[in-house]
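# A structural walkthrough
Spelled out from the first residue to the last, the chains are:
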Amino acid sequence: QVQLVESGGGLVQPGGSLRLSCSASGHIFSLGWYRQAQGKQRELVAAISSGDRTSYADSVKGRFTISRDNTKNTVYLQMNSLKPEDTAVYYCNADVYSGLRRDLGVWGQGTLVTVSS
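The structure contained in this document is the topic of the report that follows. (Residues numbered from 1 in each chain as written. Predicted model: local features only at pLDDT ≥ 70, side-chain atom pairs only at ≥ 80, totals over all residues. Heavy atoms only, no water.)

## Focus on the overall build of the protein
Assigned secondary structure in the protein consists of zero helices and 11 strands. When its helices and strands are written in sequence order, the protein yields β-β-β-β-β-β-β-β-β-β-β. Burial statistics for the protein: of 117 residues in total, 42% are counted as buried. Taking as baseline every contact in the protein between residues at least 6 positions apart, the subset at least 24 positions apart corresponds to 55%. When the accessible surface of the protein is totalled, it reaches about 6300 Å², and 46% of it is carbon and sulfur. Each charge class in the protein was averaged separately, 12 positive and 9 negative side chains, and the resulting centres sit 1 Å apart. (Helix = DSSP H or I, 4+ residues; strand = E, 2+ residues; numbered from the N terminus. Buried < 20%, exposed > 50% of the residue type's maximum accessible area, 1.4 Å probe, protein only. Contact = heavy atoms within 4.5 Å. Areas by Shrake-Rupley, 256 points an atom, 1.4 Å probe, with all protein chains shown as cover. Lys, Arg positive; Asp, Glu negative; His and termini not counted. Charge placed at Lys NZ, Arg CZ, Asp CG, Glu CD.)

## Here we look at the packing of aromatic side chains
Per the stated rule, a full pass over the model turns up three aromatic pairs. Here the aromatic rings of Phe29 and Tyr97 are separated by 4.5 Å at their centres, their planes lie at 15 degrees, and the arrangement is stacked. Pair noted here: Phe29 is in strand S4 (residues 27–36) and Tyr97 is in strand S9 (residues 88–98), with a separation of 68 residues, a long-range link. What links up through ring pairs into an aromatic cluster is the set Tyr34, Tyr91 and Trp107. Cation over ring: Arg42 sits above Tyr91, and NZ or CZ is 3.8 Å from the ring centre. One residue, Arg42, lies across the ring of Trp107, its end atom 4.6 Å from the ring centre. (Phe/Tyr/Trp six-rings, centres within 6.5 Å; stacked < 30°, edge-to-face > 60°. Lys NZ or Arg CZ within 6 Å of the ring centre and 35° of its normal.)

## Digging into the pairing of strand S10 (residues 101–107)
Relative to S10, S9 is paired through five bridges, and the arrangement is antiparallel. Across the sheet, Asn93 pairs through a bridge with Trp107, a residue of S10. Here S9 hands over to S10 after two residues, with Gly99 in that stretch at a positive phi of 65 degrees. (Pairing = 2+ DSSP bridges.)

## So, unusual backbone geometry
Look at Asp52: it is not a glycine, yet its phi comes out positive at around 65 degrees. Mapped onto the secondary structure, Asp52 falls in the loop between strand S5 (43–48) and strand S6 (54–56). Accessibility expressed as a relative area gives 44% for Asp52, which makes it partly exposed.

## Observations concerning the pairing of S4
Examined bridge by bridge, S4 and S9 share nine bridges and lie antiparallel to one another. Along S9, the bridge assignment pairs Tyr34 with Tyr91. Sheet topology places S4 next to S5; five bridges connect them, and they run antiparallel. From the neighbouring strand, Trp33 faces S5, where its bridge partner is Ala46. The hairpin turn running from S4 into S5, its antiparallel successor, is six residues long, and Gly39 in that turn takes a positive phi close to 80 degrees.

## Section: the environment of Ala24
With respect to the secondary-structure elements, Ala24 resides in strand S3 (residues 18–24). Considering only alpha carbons, one finds Ala24 and Val2, 22 residues apart in sequence, at a separation of 7.1 Å. The residues touching Ala24, leaving out its near neighbours within four places in the chain, are Gln3, Leu4, Asn73 and Val96.

Structural data, given as structure tokens:
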């Protein structure tokens, strides 16, 4: 089965920036970035469609940007002006196409983002 590999998490001070990456072995058709803070439900924060239409949760609009590089089969989440409430494990979930194969709703392993001084 196709795997999604996430990277880019870490510790950052409030107001800082991080860029998360989600890479696949095939073409990422569409993808959502989710996050789950401790004790809370997983929530969708940003998504990109096959036609590069993007959408964002109200809590991250104007601060986060989702983008893709199809030559690298990678989707990014640029996170600016980070706040302590952005602290969470971030997951990507994608539909991945590789030849005739379709893998739908594949989850990455998660990457921890901690915003703290």
